[in-house]
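Here is what each chain is made of, one letter per residue.
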Amino acid sequence: MIAKISSGKDTAGLIRYLFDTKKAKDHTDPHLVASWDGFAPDPGRTDDFDAAKKLLVADLNLHVQQARRLGRAPEKHTWHCSIRAATTDRHLSDEEWADIARRVVAATGIAPDGDPDGCRWVAVRHAPDHIHIAATKVRADLSTARHWNDYLTADRELAAAEKEYGLFQVVRGDRTAAKRPTRAEQEKARRAGHDKPARERLRATIRTAVAAATSTAEFIHLLNHTDGVLVEVVYFPSGDVRGYKFASEDTTTAAREPVWFSGSELAPDLSFPRIQERLENIEPQPTNQPGRRRPNPWHQAIAAAERIPHHLDQADDEASQAHLAAFGEALDALPLLAPQTLRPQLREAASAFERAARSRIRAEHHHARALRGAVRAMVREPALRDGAVVAMFLDAAILVVISAARWHQLHRHDQQVAAAHQTLLHLQAAYDHAAAPPLAALAQSQPPQQAVDRNIRHLRQAVPGHAEQVIEDPAFGMLTAALTEAEAAGHDPERLLQQAADQRVLDDADSPARVLTWRIQRLSARPAPSARARAAQARSTAKRPNAPVHAAASVPAPQPPQARRR
């Protein structure tokens, strides 16, 4: 059920609307289902409608008139709350609606339980699927009702009522969602030929600039050089930046003035202090040194993303929120870097995850410095020619989003869970497209039968619970090719298989061989361990002869059927 709450000045006008059946054609059989004392006159159940309506308005306004004579009545003295059930819900009885109305006025502070001085109110039902509560805000002791945060308290009470009455449970937010465009903004964008309103286009532009910038000065510089965006920076007397506001060049008022938005108006995490906090927590990347190869930032970003599910399993919520915010920045930057064919799905994924990257938990951004630094280094790399590395990143990103959905679910962040599931669909579509060419190339490789038999032995040793399923998988040939290439590069195939399987359980994978192939590809992209390192690993393994071969790292969040892993 959804509640909408407003205030007004005209009690008579509100009652006239609630009982109107001429102008409002959808109003059928308007009548009271509950009132402050159970004896309020009901214009819908009397022969003299006008007299009953006049008497009801007078009764509701009694304490307002008394307070007005003392100069204590609020200007907006009416309180109006409409409560609508979902279209799939059964039709509630009058008695059930009456119970819900009493609970809502009690929860919001209009008429608390057991308070003889509560405000006067009535609940009117003029359609099968909703009711309206009309109240006056002056209590019997002539004080004004304390109904702050009434929308939140009403929403909480309605969530409880949904469970008790077996109704559809609405996905509820935590007031951290970005403000939606108004209907006027949507119509203006449609007339101008834009697929999205200016508010949403500016939000995406700013998030991309944040993902690419390494400092607040560079952030402002990037926006100043973005086509179609106007920027106005506000400074303190000291010369330090106080804040900023943005406008799209194609949106103006009737007076030809730009329509400006502050960062916080676009999204809670786009205020200048929040952006500054994030940009101050970026790990500097190593510079080129003679005789020393600079790390590949894509591999660094993939490694940082792989660690996020582990971080989300820890008890530090502030650190977890920081990693989700940093991962959101990585998705914001990805459309700048990926091949053109992947960009539409990646933009949709970034847009969807924007909601999942934010909650009421305050992020401690220093925990995610490594991923932020790697993302900035990726932006500064030359044009990407290796499509396989994009697929590797997307493979890791899908695991992050599954873990994010589970983390939000544990914290009862309903909107964020839905956003993560939506992100997953777009990432999977992008992955399927990106992975096809490199997987096809692997499928054409035909390792010698001796290598295939050796890899089967490694597989049965490393992943005994899934070995036969993997061997029978049509993608098994790709896996053996990847293992053979990794072994030729100096890696231990059995150890790689153990690491790949430990990153995620294979029980719900449609193609476990395909999942393992990408893990092997990603792990073998790192430099192979030296002879000394391999000897140390062997000694460590020898000391733990009874150590479990495979321990699942985490359990994936519940997913809709179309969002199953590959």
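Preceding this section is the structure that the text describes.
## Quick look at the overall build of the protein
Then, in step 1: Across its full length, the protein carries 22 helices and eight strands.
Then, in step 2: Counting every position in the protein, which comprises 566 residues, the buried fraction comes to 49%.
Then, in step 3: Within the protein, contacts between residues at least 6 apart in sequence are counted, and of these 74% link residues at least 24 apart.
Then, in step 4: With an accessible surface of roughly 27,900 Å², the protein has 50% of that area assigned to carbon and sulfur atoms.

## Structural notes on the packing of aromatic side chains
Then, in step 1: The full count for this structure, using the stated rule, is seven aromatic pairs.
Then, in step 2: Feature note: the residues Phe219, Tyr244, Phe246 and Phe272 constitute an aromatic cluster, connected by ring pairs.
Then, in step 3: The residue whose ring lies beneath Lys245 is Trp260, and the NZ or CZ to ring-centre distance is 5.4 Å.

## A look at the pattern of salt bridges
Then, in step 1: Summed over the entire model, instances satisfying the criterion amount to 29 salt bridges.
Then, in step 2: The partner of Asp129 in a salt bridge is Arg84, and the shortest N-O contact between them spans 3.1 Å. Here Asp129, found in the loop between β4 (121-127) and β5 (130-136), pairs with Arg84, found in strand β3 (residues 78-84); they are 45 residues apart in sequence, far enough to count as distant.
Then, in step 3: We classify Asp129 as partly exposed; its relative accessible area is 26%.
Then, in step 4: Look at Arg84 and you get partly exposed, because its relative accessible area is 42%.

## What about the nonpolar core?
Then, in step 1: By size, the foremost hydrophobic cluster in this structure holds 85 residues, and its most contacted members are Phe327, Phe353, Leu394, Leu427, Leu516 and Ile520.
Then, in step 2: Discounting chain neighbours no more than four positions away, the residues touching Leu394 are Leu334, Leu346, Leu427, Ala430, Tyr431 and Ala434.
Then, in step 3: Formed by 29 residues, the second largest nonpolar core is a distinct cluster that contains Trp79, Ala85, Leu158 and Tyr165.

## Side note on the packing of helix α7 (residues 198-212) against helix α12 (residues 317-337)
Axis angle and axis distance: for two packed helices, these are the angle between their axes and the distance between the axes, and together they describe the pair.
Then, in step 1: Remark: α7 packs on α12, axes separated minimally by 8 Å, with the N-to-C direction vectors making an angle of 95 degrees. Judged by the angle between their axes, α7 and α12 are roughly perpendicular. Along the contact surface, α7 presents Arg207, Thr208, Val210 and Ala211, while α12 presents Glu329, Asp332, Ala333 and Leu336.

## Re unusual backbone geometry
Then, in step 1: The backbone of Leu142 sits at a positive phi, close to 70 degrees, despite the residue not being glycine.
Then, in step 2: With respect to the helices and strands, the residue Leu142 is situated in the loop between β5 and α5 (150-165).
Then, in step 3: By relative accessible area, which is 14% here, Leu142 ends up buried.
Then, in step 4: Non-glycine residue Asn149 carries a positive phi angle of around 55 degrees.
Then, in step 5: Within the secondary structure, Asn149 is located in the loop between β5 and α5.
Then, in step 6: By relative accessible area, Asn149 is classed as partly exposed at 47%.

## Quick notes on α5
In an α-helix, one turn spans 3.6 residues; hence positions three or four apart end up facing the same way.
Then, in step 1: Here α5 spans 22 Å end to end across 16 residues, near enough to the 22 Å set by a 1.5 Å rise per residue.
Then, in step 2: The complete set of buried residues in α5 reads Asp150, Thr153, Ala154, Asp155, Leu158, Ala159, Ala161, Glu162 and Tyr165.
Then, in step 3: Buried-residue contacts for α5 involve β1 (2-8), β3 and α4 (94-108).
Then, in step 4: Of the residues one or two after α5, Gly166 is the one with positive phi, at around 70 degrees.

## Focus on the pairing of β3
Then, in step 1: Across the seven residues that make up β3, a large majority, six, are buried.
Then, in step 2: Here β1 runs beside β3; their pairing, made up of seven bridges, is antiparallel. Note on β3: the bridge partner recorded for Ile5 is Cys81.
Then, in step 3: As paired strands, β3 and β5 are joined by seven bridges and run antiparallel to one another.

## Thoughts on the packing of helix α17 (residues 449-462) against helix α19 (residues 476-488)
Then, in step 1: Contact geometry for α17 and α19: axes closest at 10 Å, N-to-C directions at 95 degrees. Relative to α19, the element α17 lies roughly perpendicular. Facing Ala451, Val452, Arg454, Asn455, Ile456 and Leu459 of α17, the residues of α19 in contact are Phe476, Thr480, Leu483, Thr484 and Glu487.
Then, in step 2: Taken together, the residues of the contact of α17 with α19 sort by class into six nonpolar, three polar and two charged.

## Observations concerning the sheet that holds strand β8 (residues 261-262)
Then, in step 1: Overall, antiparallel pairing links the three strands, which are arranged β6-β7-β8 in an open sheet. With one partner strand each, in any of the chains shown, β6 (229-235) and β8 form the two edges of the open sheet.
Then, in step 2: Sheet strands touched by helix α8 (residues 216-224): β6 and β7 (241-248). Its angle to β6, the strand with the most contacts, is close to 145 degrees.

## A look at the sheet that holds β4
Then, in step 1: Overall, antiparallel pairing links the five strands, which are arranged β1-β3-β5-β4-β2 in an open sheet. Taken across any chain shown, the strands that pair with only one partner, and hence form the sheet edges, are β1 and β2 (31-35). Going from strand to strand, the sheet's axes swing by 20 degrees on average, the running direction of each strand aside.
Then, in step 2: The pairing of β2 with β4 spans four bridges and is antiparallel. Considered in β4, the bridge of His31 is made with Arg125.
Then, in step 3: Across the sheet, α4 touches β2, β3, β4 and β5, and the angle it forms with β3 is around 135 degrees.

## Examining the environment of Arg172
Then, in step 1: With respect to the helices and strands, Arg172 occurs in the loop between α5 and α6 (183-191).
Then, in step 2: Contact partners of Arg172, with chain neighbours within four places excluded, come to Met1, Asp155, Leu158, Ala159, Glu162, Asp414 and Gln415.
Then, in step 3: A distance of 2.9 Å separates the side chain of Arg172 from the side chain of Asp155, its partner in a polar contact.
Then, in step 4: Side chain to side chain, Arg172 and Glu162 meet in a polar contact 2.9 Å long.

## Regarding the pairing of β4
Then, in step 1: In terms of burial, β4 is largely enclosed, as seven of its seven residues are buried.
Then, in step 2: Relative to β5, β4 is paired through five bridges, and the arrangement is antiparallel. The residue bridging Val122 from the neighbouring strand is Ala134, located in β5.
Then, in step 3: Here β4 folds back onto β5, and the loop between the two strands holds two residues.

## Observations regarding the side chain of Arg278
Then, in step 1: Within the secondary structure layout, Arg278 lies in helix α10 (residues 272-279).
Then, in step 2: Separated by 3.1 Å, the side chains of Arg278 and Glu329 make a polar contact.
Then, in step 3: The contact partners of Arg278, leaving out residues within four places of it in the chain, are Val210, Asp269, Leu270, Glu329, His365 and Arg372.

What counts, and where the lines are drawn
- The numbers attached to residues start from 1 for each chain and follow its sequence in the written order.
- Owing to the predicted nature of the model, reporting of local features is limited to residues with pLDDT of at least 70; listing and counting of side-chain atom pairs is limited to 80 or more, with chain, interface and lining totals taken over all residues.
- The side-chain values count all of the structure's non-hydrogen atoms but skip hydrogen atoms and water molecules.
- The helix count covers DSSP runs of H or I at least four residues long, the strand count covers runs of E at least two residues long, and both are numbered beginning at the N terminus.
- Buried means the residue's accessible area, taken with a 1.4 Å probe over protein chains only, is under 20% of the maximum for its type, while exposed means over 50%, and partly exposed covers the values in between.
- For this analysis, residues touch if any pair of their heavy atoms sits within 4.5 Å.
- Reported accessibility uses the Shrake-Rupley method at a 1.4 Å probe radius. Residues are deemed covered only where the shown protein chains occlude them.
- Pairing of aromatic rings covers Phe, Tyr and Trp, the last through its six-membered ring, and needs centres within 6.5 Å; plane angles under 30 degrees mean stacked, over 60 mean edge-to-face, and all others mean tilted.
- Two limits define a charge over a ring: the Lys NZ or Arg CZ must be within 6 Å of the ring centre, and within 35 degrees of the ring normal.
- Basic side-chain nitrogens of Lys or Arg form a salt bridge, by our definition, when they fall within 4 Å of a carboxyl oxygen of Asp or Glu.
- What we call a nonpolar core is a set of buried Ala, Val, Leu, Ile, Met, Phe, Trp, Tyr and Cys residues that are connected through their side-chain atoms within 4.5 Å.
- To define axes, lines are fitted to C-alpha atoms, for helices over the stretch in contact only, and angles between the resulting N-to-C directions are given on a 0 to 180 degree scale.
- Relative orientations are named as follows: roughly parallel for angles under 35 degrees, roughly antiparallel for angles over 145 degrees, roughly perpendicular for angles from 65 to 115 degrees, and oblique for any other angle.
- To estimate the expected span of a helix, subtract one from its residue number and multiply by 1.5 Å.
- One bridge is not enough; two strands pair if DSSP finds at least two bridges between them.
- Residue classes follow a fixed rule: Ala, Val, Leu, Ile, Met, Phe, Trp, Tyr, Cys and Pro count as nonpolar, while Asp, Glu, Lys and Arg count as charged, and any other residue, Gly among them, counts as polar.
- We call two N or O atoms a polar contact when they sit within 3.5 Å, provided that within protein one can donate a hydrogen and the other can accept it, with sequence-adjacent residues counted only if both atoms are side-chain atoms.

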